[in-house]
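Given next are the chains, with one letter for each unit.
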Amino acid sequence: MQNVTQQTHNTSPHDTLLTKSLSAADYVSTHDAMLARTLERIALKKEQGLRTPDELWIVDHNDVYTLGQAGKEEHILQRTDTPIIKTDRGGQVTWHGHGQLVVYWLFDLDSIGWSVRNLVSHAEQAIEDMVNDCLQNSSSSISDNISAHARRDAPGVYLYADTDTDTVADNDAEAQNTSLDDKIMLGKIASLGFKIKHGFSYHGIALNINCDLSAFNAINPCGYAGMQMLRLADFLTIQKESEAQIAQHIHNSLSYEQVTQKLIDNIANRHAGLIELRAIAPK
């Protein structure tokens, strides 16, 4: 059964950002509810001049493959028991399922002064910030010299390894702006796919935390043949919430819920104008 919880982030005296969590969510019913809410907000603004609070939907989906609006079925390499749903977001084919964090951004872009490019960059940089913070504060040697970066030529967030292990960035900003020429791309950890309707965004991002990556073997992820998909759990310790409460002695371990909260807090701060965009990622 799908479970729903809702919270409010006060981002300024005149603005709020609502968050809603859905677990064990079926894709079609979730999409239909997201589209209905977006159409309702559009109508309220056009007909009554009302600005409604923006929303983040934090979703744990039941297993599903989704094919974007211009998606090509040739990128589906193998038919399995997992349903394949055509949807109205941008992008090609991807997988959603348990252990993957999906966040839908129901934003009134005009009201917050964001362009579509701003939306995509904020999404990528929020993921970069959170993943890099987790990697840099991990006690695992696996995460040494690993960093998350967006690419201008391929939407999403990717993990890179430094080729020169003696070179360490002095601060987070330097780490984010370092050229990717001297790094080796390991694979993709997060995907993006948005839809914009009358200045309102919906759909959003998918971050692999501790999911079973074998589901991606049946597709060309996001239309890229041979793209290696990664998950955060392969680079630092991700515990179940119950384990995190019992085994608190494990140093620098994180739960799925803690990773989620870090990302939501970063997005909320960006929505409030407290985190500015960095320069767009290099090619």
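Predicted model, so just to flag it, every value in this text is computed and none were measured. (Residues numbered from 1 in each chain as written. Predicted model: local features only at pLDDT ≥ 70, side-chain atom pairs only at ≥ 80, totals over all residues. Heavy atoms only, no water.)

**Q** Quick one: what's the story with the overall build of the chain, residue by residue and with numbers?
**A** Tallying secondary structure elements over the chain gives six helices and 13 strands in all. Per-residue burial over the chain gives 51% buried out of 283 residues. In the chain, the proportion of contacts linking residues at least 24 apart, taken out of those at least 6 apart, comes to 67%. Accessible surface for the chain amounts to roughly 13,400 Å². Of this, 48% is attributable to carbon and sulfur atoms. (Helix = DSSP H or I, 4+ residues; strand = E, 2+ residues; numbered from the N terminus. Buried < 20%, exposed > 50% of the residue type's maximum accessible area, 1.4 Å probe, protein only. Contact = heavy atoms within 4.5 Å. Areas by Shrake-Rupley, 256 points an atom, 1.4 Å probe, with all protein chains shown as cover.)

**Q** Can you lay out the packing of aromatic side chains for me, pointing to particular residues and giving the numbers?
**A** For the structure on display, the rule yields four aromatic pairs. When the centroid spacing of 5.5 Å and the interplanar angle of 75° are considered together, the rings of Trp-95 and Phe-216 count as edge-to-face. In this pair, Trp-95 is assigned in strand E6 (residues 93-96) and Phe-216 in the loop between strand E11 (200-208) and strand E12 (238-239), connecting sequence segments 121 residues apart. This pair shows no difference in class: Trp-95 is buried, exactly as Phe-216 is. Centre to centre, the rings of Trp-105 and Phe-194 are 6.1 Å apart; their planes meet at 90°, and the pair counts as edge-to-face. Here the residue Trp-105 occupies a position in strand E7 (residues 100-106), and Phe-194 occupies one in strand E10 (residues 183-197), the gap between them amounting to 89 residues. (Phe/Tyr/Trp six-rings, centres within 6.5 Å; stacked < 30°, edge-to-face > 60°.)

**Q** Provide a residue-level description of the environment of Tyr-65, including the pertinent values.
**A** Take Tyr-65: it is sitting in strand E4 (residues 64-67). As a C-alpha pair, Tyr-65 and Ile-219 span 154 residues in sequence and 8.9 Å in three-dimensional space. With near-sequence residues (within four places) excluded, Tyr-65 lies in contact with Thr-80, Thr-82, Pro-83, Ile-84, Ile-85, Thr-94, Trp-95, Ala-215, Ala-218 and Ile-219. A distance of 2.5 Å separates a polar side-chain atom of Tyr-65 from the backbone oxygen of Ala-215. (Polar contact = N/O pair within 3.5 Å; in protein donor to acceptor, adjacent residues only side chain to side chain.)

**Q** Account for the nonpolar core, naming residues and giving values.
**A** Where a protein is soluble and globular, its nonpolar side chains tend to be buried together. Grouped together as the largest cluster of nonpolar side chains are 43 residues, with contacts concentrated most on Trp-105, Phe-107 and Leu-207. Sort the elements by how many residues they give to this core and helix H3 (residues 116-136) lands first, with nine residues. If you look at the next biggest cluster of nonpolar residues, it comprises 17 residues, including Val-93, Tyr-160, Leu-180 and Ile-219. (Core = buried A, V, L, I, M, F, W, Y, C linked by side-chain atoms within 4.5 Å.)

Note that all results are geometric; they support no functional claim without further evidence.
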